[in-house]
Amino acid sequence: MNFLIVGAGFAGSVCARELAEAGHQILIVDRRDHIAGNAFDVEDEHGILIHQYGPHIFHTNSERIFNYLSKYTEWYQYEHRVRGIVDGKEYPFPINRDTLNQLYDLDLNEDQAAEYFEKVREPRESVKTSEDVVLNSVGRDLYEKFFLNYTKKQWGLDPSQLKAGVAARIPTRTNTDDRYFTDAFQAMPLHGYTVMFKNLLNHPNITIQLSTEFKDVLSEDQSFDHIVYTGPIDAFYDFKFGQLPYRSLRFEHEHLENQESFQSVGTVNYPNDYDFTRITEFKHLTGQTHTSTSIVREYPTSEGDPYYPIPRDENETLFKRYRALADSEENVTFVGRLAEYRYYNMDQVVGAALNAVDKILERK
Ligand code: FAD
Ligand code: UDP
(Lines give C-alpha, C1' and ligand atoms only; values in the text may rest on other atoms or scores of the structure.)
(Ligands and ions follow the chains in the order given, each with its own letter.)
Protein backbone atom coordinates (compact mmCIF):
# COMPACT_ATOMS: atom_id res chain seq x y z
CA MET A 1 0.00 0.00 0.00
CA ASN A 2 0.98 3.64 -0.46
CA PHE A 3 1.23 5.75 2.69
CA LEU A 4 1.57 9.49 3.04
CA ILE A 5 3.06 10.53 6.37
CA VAL A 6 2.79 14.16 7.40
CA GLY A 7 5.60 15.26 9.75
CA ALA A 8 9.10 13.81 10.13
CA GLY A 9 9.30 14.08 13.93
CA PHE A 10 9.20 11.08 16.29
CA ALA A 11 5.58 10.21 15.49
CA GLY A 12 5.93 10.32 11.70
CA SER A 13 9.40 8.80 11.48
CA VAL A 14 8.64 5.79 13.71
CA CYS A 15 5.44 5.13 11.75
CA ALA A 16 7.37 5.46 8.47
CA ARG A 17 9.98 2.92 9.52
CA GLU A 18 7.53 0.38 10.88
CA LEU A 19 5.22 0.57 7.87
CA ALA A 20 8.22 0.34 5.53
CA GLU A 21 9.45 -2.74 7.42
CA ALA A 22 5.98 -4.24 6.87
CA GLY A 23 6.51 -3.86 3.11
CA HIS A 24 4.59 -0.66 2.39
CA GLN A 25 5.69 2.32 0.29
CA ILE A 26 6.08 5.53 2.25
CA LEU A 27 6.22 9.19 1.28
CA ILE A 28 7.05 11.26 4.37
CA VAL A 29 6.77 15.05 4.07
CA ASP A 30 7.60 17.91 6.40
CA ARG A 31 7.05 21.62 5.89
CA ARG A 32 10.38 22.29 7.58
CA ASP A 33 13.66 21.86 5.72
CA HIS A 34 14.88 19.14 8.07
CA ILE A 35 13.87 15.84 9.65
CA ALA A 36 13.56 15.11 13.42
CA GLY A 37 10.72 17.57 14.20
CA ASN A 38 11.25 19.44 17.43
CA ALA A 39 14.05 17.09 18.41
CA PHE A 40 16.20 18.44 15.54
CA ASP A 41 19.82 19.12 16.49
CA VAL A 42 22.59 20.59 14.38
CA GLU A 43 26.11 21.96 14.75
CA ASP A 44 26.03 25.73 15.02
CA GLU A 45 28.56 27.81 13.08
CA HIS A 46 31.10 27.27 15.86
CA GLY A 47 30.83 23.48 15.70
CA ILE A 48 28.79 23.00 18.86
CA LEU A 49 25.87 20.57 18.68
CA ILE A 50 22.75 22.54 19.65
CA HIS A 51 19.04 21.70 19.86
CA GLN A 52 17.34 24.21 17.59
CA TYR A 53 13.95 23.90 19.35
CA GLY A 54 15.12 23.82 22.96
CA PRO A 55 16.69 21.18 25.21
CA HIS A 56 15.66 17.59 24.52
CA ILE A 57 16.70 15.00 27.09
CA PHE A 58 15.71 11.42 26.46
CA HIS A 59 14.35 9.48 29.43
CA THR A 60 12.01 6.51 29.74
CA ASN A 61 11.00 3.67 32.02
CA SER A 62 10.12 1.53 29.03
CA GLU A 63 12.79 -0.98 28.12
CA ARG A 64 10.86 -1.74 24.94
CA ILE A 65 11.09 1.86 23.74
CA PHE A 66 14.73 2.23 24.76
CA ASN A 67 15.61 -0.98 22.89
CA TYR A 68 13.60 0.14 19.89
CA LEU A 69 15.58 3.38 19.51
CA SER A 70 18.82 1.55 20.27
CA LYS A 71 18.52 -0.05 16.82
CA TYR A 72 19.14 3.41 15.36
CA THR A 73 21.61 5.01 17.74
CA GLU A 74 24.30 4.42 20.30
CA TRP A 75 23.96 6.40 23.50
CA TYR A 76 25.83 8.88 25.65
CA GLN A 77 24.90 8.29 29.30
CA TYR A 78 23.52 11.53 30.69
CA GLU A 79 21.41 12.39 33.73
CA HIS A 80 19.92 15.87 33.55
CA ARG A 81 20.32 18.27 36.46
CA VAL A 82 18.52 21.57 36.92
CA ARG A 83 18.92 24.48 39.34
CA GLY A 84 16.33 27.14 40.11
CA ILE A 85 17.33 30.74 40.88
CA VAL A 86 15.45 32.33 43.79
CA ASP A 87 16.45 35.77 45.07
CA GLY A 88 19.68 35.53 43.12
CA LYS A 89 20.76 32.18 44.58
CA GLU A 90 20.90 28.79 42.86
CA TYR A 91 19.05 25.83 44.42
CA PRO A 92 18.57 22.18 43.43
CA PHE A 93 15.31 21.72 41.50
CA PRO A 94 13.03 19.69 41.76
CA ILE A 95 12.79 20.63 45.43
CA ASN A 96 14.66 18.12 47.58
CA ARG A 97 16.09 18.08 51.10
CA ASP A 98 19.13 20.12 50.08
CA THR A 99 16.81 22.77 48.62
CA LEU A 100 15.06 23.09 51.98
CA ASN A 101 18.27 23.11 54.00
CA GLN A 102 19.95 25.70 51.79
CA LEU A 103 16.90 27.92 51.37
CA TYR A 104 15.89 28.05 55.03
CA ASP A 105 19.32 27.46 56.58
CA LEU A 106 18.26 24.15 58.14
CA ASP A 107 19.93 20.83 58.73
CA LEU A 108 17.07 18.37 58.19
CA ASN A 109 17.53 14.65 57.73
CA GLU A 110 15.18 12.65 55.51
CA ASP A 111 12.48 12.09 58.17
CA GLN A 112 12.62 15.71 59.24
CA ALA A 113 12.30 16.85 55.62
CA ALA A 114 9.14 14.73 55.32
CA GLU A 115 7.84 16.30 58.55
CA TYR A 116 8.66 19.74 57.17
CA PHE A 117 6.59 19.19 54.03
CA GLU A 118 3.79 17.75 56.19
CA LYS A 119 3.81 20.92 58.30
CA VAL A 120 3.83 23.45 55.46
CA ARG A 121 1.62 21.71 52.88
CA GLU A 122 -1.94 22.91 52.32
CA PRO A 123 -3.89 19.65 52.05
CA ARG A 124 -6.42 19.59 49.22
CA GLU A 125 -9.44 17.27 49.25
CA SER A 126 -9.29 16.86 45.53
CA VAL A 127 -6.24 17.70 43.48
CA LYS A 128 -7.55 19.08 40.18
CA THR A 129 -5.29 21.94 39.15
CA SER A 130 -1.56 22.57 39.07
CA GLU A 131 -2.01 24.99 41.98
CA ASP A 132 -3.61 22.16 43.99
CA VAL A 133 -0.71 19.82 43.20
CA VAL A 134 1.99 22.16 44.45
CA LEU A 135 0.20 23.62 47.47
CA ASN A 136 -0.84 20.14 48.50
CA SER A 137 2.74 18.89 48.48
CA VAL A 138 5.03 21.80 49.44
CA GLY A 139 2.81 24.67 50.65
CA ARG A 140 2.63 28.33 49.73
CA ASP A 141 6.14 29.66 50.23
CA LEU A 142 7.84 27.10 48.00
CA TYR A 143 4.94 27.44 45.55
CA GLU A 144 5.51 31.16 45.27
CA LYS A 145 9.29 30.88 45.09
CA PHE A 146 9.60 28.14 42.47
CA PHE A 147 6.28 27.50 40.69
CA LEU A 148 3.83 30.39 40.54
CA ASN A 149 5.75 32.83 38.35
CA TYR A 150 7.47 30.20 36.20
CA THR A 151 4.09 28.73 35.35
CA LYS A 152 2.55 32.14 34.62
CA LYS A 153 5.45 32.90 32.30
CA GLN A 154 5.48 29.52 30.59
CA TRP A 155 1.74 29.27 29.95
CA GLY A 156 0.40 32.80 30.29
CA LEU A 157 -1.98 31.28 32.86
CA ASP A 158 -2.21 30.93 36.60
CA PRO A 159 -1.44 27.41 37.92
CA SER A 160 -5.10 27.25 39.06
CA GLN A 161 -6.11 27.41 35.38
CA LEU A 162 -4.00 24.40 34.35
CA LYS A 163 -4.72 20.75 34.90
CA ALA A 164 -2.88 18.91 37.68
CA GLY A 165 -0.75 16.94 35.20
CA VAL A 166 1.39 19.96 34.28
CA ALA A 167 2.90 20.58 37.73
CA ALA A 168 2.68 16.87 38.56
CA ARG A 169 5.56 16.35 36.10
CA ILE A 170 7.79 17.75 38.86
CA PRO A 171 8.33 15.53 41.92
CA THR A 172 9.10 16.61 45.51
CA ARG A 173 11.88 14.71 47.27
CA THR A 174 12.90 14.21 50.88
CA ASN A 175 16.24 12.71 49.84
CA THR A 176 19.10 14.56 48.15
CA ASP A 177 18.65 13.13 44.65
CA ASP A 178 19.11 16.16 42.40
CA ARG A 179 18.46 14.49 39.05
CA TYR A 180 15.61 16.01 37.01
CA PHE A 181 14.37 12.55 35.99
CA THR A 182 14.51 9.24 37.83
CA ASP A 183 13.61 7.01 34.85
CA ALA A 184 15.40 3.70 34.45
CA PHE A 185 16.83 4.78 31.07
CA GLN A 186 18.35 8.24 30.66
CA ALA A 187 20.65 8.92 27.74
CA MET A 188 21.30 11.10 24.72
CA PRO A 189 21.79 9.80 21.16
CA LEU A 190 25.59 9.60 20.90
CA HIS A 191 25.78 11.41 17.55
CA GLY A 192 22.67 13.50 18.12
CA TYR A 193 18.95 13.19 17.36
CA THR A 194 19.19 14.14 13.70
CA VAL A 195 21.63 11.31 12.98
CA MET A 196 19.31 8.90 14.82
CA PHE A 197 16.42 10.08 12.62
CA LYS A 198 18.54 9.65 9.48
CA ASN A 199 19.10 6.03 10.46
CA LEU A 200 15.42 5.56 11.30
CA LEU A 201 14.35 6.87 7.90
CA ASN A 202 17.08 5.09 5.94
CA HIS A 203 15.00 2.39 4.24
CA PRO A 204 14.49 1.65 0.53
CA ASN A 205 10.69 1.96 0.89
CA ILE A 206 10.88 5.47 2.38
CA THR A 207 10.98 8.67 0.31
CA ILE A 208 11.53 11.92 2.21
CA GLN A 209 10.28 15.24 0.87
CA LEU A 210 11.21 18.31 2.93
CA SER A 211 9.96 21.91 2.70
CA THR A 212 6.67 20.39 1.61
CA GLU A 213 3.23 21.35 2.83
CA PHE A 214 0.75 18.49 3.36
CA LYS A 215 -2.07 20.06 1.38
CA ASP A 216 0.19 20.72 -1.61
CA VAL A 217 0.95 17.01 -1.81
CA LEU A 218 -2.74 16.16 -1.74
CA SER A 219 -3.49 18.55 -4.57
CA GLU A 220 -0.85 16.90 -6.74
CA ASP A 221 -1.86 13.98 -8.88
CA GLN A 222 -0.83 11.30 -6.41
CA SER A 223 -3.05 8.91 -4.52
CA PHE A 224 -2.49 7.31 -1.15
CA ASP A 225 -4.24 4.40 0.52
CA HIS A 226 -3.69 5.83 3.98
CA ILE A 227 -2.44 9.03 5.62
CA VAL A 228 -0.63 9.29 8.95
CA TYR A 229 -0.99 12.87 10.15
CA THR A 230 1.23 14.22 12.97
CA GLY A 231 0.57 17.98 12.69
CA PRO A 232 -1.95 20.00 14.73
CA ILE A 233 -5.36 18.35 14.51
CA ASP A 234 -7.30 21.64 14.22
CA ALA A 235 -5.28 22.62 11.12
CA PHE A 236 -6.17 19.31 9.45
CA TYR A 237 -9.83 20.31 9.71
CA ASP A 238 -9.22 23.92 8.67
CA PHE A 239 -10.04 25.10 12.20
CA LYS A 240 -13.73 24.40 11.59
CA PHE A 241 -14.55 24.38 15.32
CA GLY A 242 -12.08 27.19 16.06
CA GLN A 243 -8.38 27.20 16.96
CA LEU A 244 -7.05 24.81 19.56
CA PRO A 245 -4.67 26.78 21.79
CA TYR A 246 -1.02 25.71 21.62
CA ARG A 247 1.76 27.46 23.52
CA SER A 248 4.80 28.62 21.60
CA LEU A 249 8.36 29.61 22.44
CA ARG A 250 10.95 31.92 20.96
CA PHE A 251 14.42 30.43 21.21
CA GLU A 252 17.31 32.84 21.63
CA HIS A 253 20.52 31.01 20.84
CA GLU A 254 23.84 32.51 21.87
CA HIS A 255 27.44 31.48 21.40
CA LEU A 256 29.95 32.57 24.03
CA GLU A 257 33.35 32.90 22.43
CA ASN A 258 36.42 32.05 24.53
CA GLN A 259 34.27 30.94 27.43
CA GLU A 260 34.51 27.24 28.08
CA SER A 261 31.56 27.00 30.41
CA PHE A 262 28.53 29.19 31.26
CA GLN A 263 26.68 27.46 34.12
CA SER A 264 27.07 24.59 36.58
CA VAL A 265 24.39 22.26 35.16
CA GLY A 266 22.51 21.59 31.90
CA THR A 267 19.59 23.88 32.67
CA VAL A 268 19.06 26.79 35.06
CA ASN A 269 15.46 27.92 35.65
CA TYR A 270 14.58 31.56 36.34
CA PRO A 271 11.11 31.38 37.89
CA ASN A 272 10.91 35.00 39.05
CA ASP A 273 13.29 37.02 36.90
CA TYR A 274 13.45 37.89 33.18
CA ASP A 275 11.00 37.10 30.39
CA PHE A 276 12.67 33.77 29.62
CA THR A 277 11.97 30.65 31.68
CA ARG A 278 15.31 28.87 31.52
CA ILE A 279 18.81 28.77 30.07
CA THR A 280 20.32 25.55 28.76
CA GLU A 281 24.00 25.00 28.02
CA PHE A 282 24.24 22.24 25.43
CA LYS A 283 27.71 20.91 26.21
CA HIS A 284 26.38 19.50 29.50
CA LEU A 285 23.75 17.49 27.59
CA THR A 286 25.98 16.17 24.84
CA GLY A 287 29.31 15.78 26.64
CA GLN A 288 31.01 17.70 23.84
CA THR A 289 34.33 19.34 24.65
CA HIS A 290 35.07 22.72 23.04
CA THR A 291 36.98 25.85 23.99
CA SER A 292 33.78 27.93 23.87
CA THR A 293 30.12 27.22 24.59
CA SER A 294 26.55 27.71 23.27
CA ILE A 295 23.37 28.36 25.24
CA VAL A 296 19.67 28.89 24.56
CA ARG A 297 17.08 31.01 26.37
CA GLU A 298 13.40 30.09 26.04
CA TYR A 299 10.85 32.92 25.82
CA PRO A 300 7.23 31.69 26.00
CA THR A 301 4.78 33.31 23.57
CA SER A 302 1.23 32.82 22.37
CA GLU A 303 2.22 33.44 18.73
CA GLY A 304 4.40 31.20 16.62
CA ASP A 305 4.91 27.50 15.94
CA PRO A 306 2.81 25.24 18.15
CA TYR A 307 5.00 23.48 20.74
CA TYR A 308 2.82 22.67 23.74
CA PRO A 309 -0.84 21.62 23.95
CA ILE A 310 -2.30 23.58 26.88
CA PRO A 311 -3.82 21.13 29.37
CA ARG A 312 -7.13 22.63 30.58
CA ASP A 313 -10.68 21.33 30.54
CA GLU A 314 -12.05 23.76 27.97
CA ASN A 315 -9.26 22.88 25.52
CA GLU A 316 -9.86 19.18 26.08
CA THR A 317 -13.54 19.74 25.26
CA LEU A 318 -12.66 21.43 21.97
CA PHE A 319 -10.06 18.77 21.19
CA LYS A 320 -12.69 16.05 21.70
CA ARG A 321 -14.86 17.63 19.01
CA TYR A 322 -11.96 17.34 16.58
CA ARG A 323 -11.14 13.85 17.81
CA ALA A 324 -14.70 12.72 17.10
CA LEU A 325 -14.11 13.68 13.45
CA ALA A 326 -10.72 11.98 13.50
CA ASP A 327 -12.21 8.77 14.93
CA SER A 328 -14.58 8.51 12.01
CA GLU A 329 -11.79 8.68 9.41
CA GLU A 330 -11.18 5.29 7.80
CA ASN A 331 -7.99 6.22 6.01
CA VAL A 332 -6.30 8.75 8.26
CA THR A 333 -4.45 8.07 11.51
CA PHE A 334 -3.67 10.91 13.92
CA VAL A 335 -0.64 10.44 16.13
CA GLY A 336 1.81 12.59 18.10
CA ARG A 337 1.92 15.54 20.45
CA LEU A 338 0.06 17.98 18.18
CA ALA A 339 -2.34 15.55 16.52
CA GLU A 340 -3.42 13.96 19.82
CA TYR A 341 -3.16 17.22 21.78
CA ARG A 342 -1.22 15.46 24.53
CA TYR A 343 1.70 16.82 26.58
CA TYR A 344 3.80 13.84 25.48
CA ASN A 345 7.50 13.32 26.09
CA MET A 346 9.53 11.80 23.25
CA ASP A 347 9.32 8.24 24.58
CA GLN A 348 5.54 8.50 24.85
CA VAL A 349 5.36 9.60 21.22
CA VAL A 350 7.44 6.58 20.18
CA GLY A 351 5.04 4.35 22.15
CA ALA A 352 1.99 6.03 20.60
CA ALA A 353 3.45 5.63 17.11
CA LEU A 354 4.23 1.93 17.60
CA ASN A 355 0.65 1.37 18.82
CA ALA A 356 -0.78 3.34 15.91
CA VAL A 357 1.12 1.19 13.41
CA ASP A 358 -0.13 -1.99 15.10
CA LYS A 359 -3.70 -0.73 14.69
CA ILE A 360 -3.20 0.22 11.04
CA LEU A 361 -1.67 -3.15 10.20
CA GLU A 362 -4.47 -5.01 12.04
CA ARG A 363 -7.15 -3.15 10.13
CA LYS A 364 -5.66 -3.33 6.65
P1 FAD B 1 6.88 17.16 16.18
O2 FAD B 1 8.28 16.90 16.58
O3 FAD B 1 6.29 18.52 16.41
O4 FAD B 1 6.75 16.81 14.62
C5 FAD B 1 5.65 17.18 13.84
C6 FAD B 1 6.18 17.62 12.48
O7 FAD B 1 5.07 17.80 11.59
C8 FAD B 1 6.92 18.95 12.52
O9 FAD B 1 8.25 18.76 12.08
C10 FAD B 1 6.11 19.84 11.60
O11 FAD B 1 6.92 20.70 10.80
C12 FAD B 1 5.37 18.85 10.72
N13 FAD B 1 4.10 19.37 10.19
C14 FAD B 1 3.04 19.83 10.91
N15 FAD B 1 2.06 20.20 10.08
C16 FAD B 1 2.50 19.98 8.81
C17 FAD B 1 1.92 20.20 7.51
N18 FAD B 1 0.68 20.70 7.35
N19 FAD B 1 2.65 19.87 6.42
C20 FAD B 1 3.91 19.37 6.56
N21 FAD B 1 4.48 19.14 7.77
C22 FAD B 1 3.80 19.45 8.87
N23 FAD B 1 10.47 15.49 25.32
C24 FAD B 1 11.28 14.70 26.07
O25 FAD B 1 11.07 13.48 26.13
N26 FAD B 1 12.35 15.23 26.75
C27 FAD B 1 12.65 16.56 26.71
O28 FAD B 1 13.61 17.01 27.34
C29 FAD B 1 11.81 17.41 25.94
N30 FAD B 1 12.06 18.74 25.88
C31 FAD B 1 11.26 19.53 25.11
C32 FAD B 1 11.56 20.89 25.06
C33 FAD B 1 10.79 21.74 24.27
C34 FAD B 1 11.12 23.20 24.23
C35 FAD B 1 9.68 21.21 23.54
C36 FAD B 1 8.82 22.12 22.70
C37 FAD B 1 9.37 19.86 23.61
C38 FAD B 1 10.16 19.00 24.39
N39 FAD B 1 9.91 17.64 24.45
C40 FAD B 1 10.71 16.83 25.22
C41 FAD B 1 8.76 17.02 23.73
C42 FAD B 1 9.16 16.49 22.36
O43 FAD B 1 9.63 17.57 21.56
C44 FAD B 1 7.94 15.87 21.69
O45 FAD B 1 7.35 14.88 22.51
C46 FAD B 1 8.23 15.22 20.35
O47 FAD B 1 9.24 15.87 19.61
C48 FAD B 1 6.94 15.22 19.55
O49 FAD B 1 7.10 14.51 18.34
P50 FAD B 1 5.95 14.60 17.25
O51 FAD B 1 6.41 13.79 16.09
O52 FAD B 1 4.63 14.30 17.86
O53 FAD B 1 5.85 16.16 16.86
N1 UDP C 1 7.60 24.35 36.61
C2 UDP C 1 7.72 25.40 37.49
N3 UDP C 1 8.97 25.83 37.86
C4 UDP C 1 10.09 25.26 37.38
C5 UDP C 1 9.97 24.19 36.48
C6 UDP C 1 8.71 23.76 36.10
O7 UDP C 1 6.71 25.98 37.92
O8 UDP C 1 11.20 25.70 37.77
C9 UDP C 1 6.24 23.92 36.21
C10 UDP C 1 5.76 24.72 34.99
O11 UDP C 1 4.36 24.86 35.06
C12 UDP C 1 6.18 23.82 33.86
C13 UDP C 1 5.86 22.44 34.43
O14 UDP C 1 6.23 22.56 35.82
O15 UDP C 1 5.47 24.11 32.68
C16 UDP C 1 6.55 21.28 33.78
O17 UDP C 1 7.95 21.51 33.78
P18 UDP C 1 8.92 20.74 32.75
O19 UDP C 1 10.32 21.11 33.10
O20 UDP C 1 8.55 19.32 32.73
O21 UDP C 1 8.50 21.43 31.38
P22 UDP C 1 9.00 21.21 29.86
O23 UDP C 1 10.42 20.71 29.93
O24 UDP C 1 8.03 20.25 29.24
O25 UDP C 1 8.89 22.58 29.27
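Residues numbered from 1 in each chain as written. Chains lettered and ligands numbered in written order. Predicted model: local features only at pLDDT ≥ 70, side-chain atom pairs only at ≥ 80, totals over all residues. Heavy atoms only, no water.

The name given to the protein in an unreviewed UniProt entry is UDP-galactopyranose mutase, with the source organism recorded as Acinetobacter bouvetii. Here the protein is described in UniProt, under the heading Sequence similarities (unreviewed entry), as follows: "Belongs to the UDP-galactopyranose/dTDP-fucopyranose mutase family." (UniProt positions renumbered as here; feature names shortened; annotations may be inferred.)

### Points about the site of ligand 2
As a structural note, the neighbourhood of ligand 2 is formed by 15 residues, with Thr151, Arg169, Tyr180, Tyr308 and Tyr343 the closest of them. Taking Thr151, its side chain carries an N or O atom lying 2.9 Å from an oxygen atom of ligand 2. A distance of 2.5 Å separates an oxygen atom of ligand 2 from a polar side-chain atom of Tyr308. Among the elements that make up the shell around ligand 2, the one with the highest residue count is helix α5 (residues 130–155) (6 residues). (Near = heavy atom within 4 Å. Polar contact = N/O pair within 3.5 Å; in protein donor to acceptor, adjacent residues only side chain to side chain. Helix = DSSP H or I, 4+ residues; strand = E, 2+ residues; numbered from the N terminus.)

### Topic: the site of ligand 1
In the vicinity of ligand 1 there are 32 residues, among which Asp30, His56, Ile57, Glu213 and Met346 approach most closely. One of the side-chain N or O atoms of Arg32 is found 3.3 Å from an oxygen atom in ligand 1. Taking Tyr344, its main chain carries an N or O atom lying 2.9 Å from an oxygen atom of ligand 1. In isolation ligand 1 has 1,000 Å² of accessible area, and contact with the protein removes 96% of it. Of all elements in the fold, only α1 (10–21) and α12 (346–363) reach the threshold of two or more residues within the shell around ligand 1. Grouping the amino acids of the shell around ligand 1 by side-chain chemistry returns 15 nonpolar, 10 polar and 7 charged. (Areas by Shrake-Rupley, 256 points an atom, 1.4 Å probe, with all protein chains shown as cover. Nonpolar A, V, L, I, M, F, W, Y, C, P; charged D, E, K, R; others polar.)

### A word on the pattern of salt bridges
Inspection of every chain in the model, using the stated rule, returns 22 salt bridges. Between Arg83 and Asp178 there is a salt bridge, with the nearest N and O atoms lying 3.3 Å from each other. Note that Arg83 is positioned in strand β7 (residues 82–86) and Asp178 in the loop between α6 (164–167) and β9 (185–189), a separation of 95 residues in sequence. On the accessibility criterion, Asp178 (18% relative accessible area) is buried. Members of the salt-bridge network, linked through shared partners, are Arg81, Arg83, Glu90 and Asp178. (Salt bridge = Lys/Arg side-chain N within 4 Å of Asp/Glu carboxyl O. Buried < 20%, exposed > 50% of the residue type's maximum accessible area, 1.4 Å probe, protein only.)

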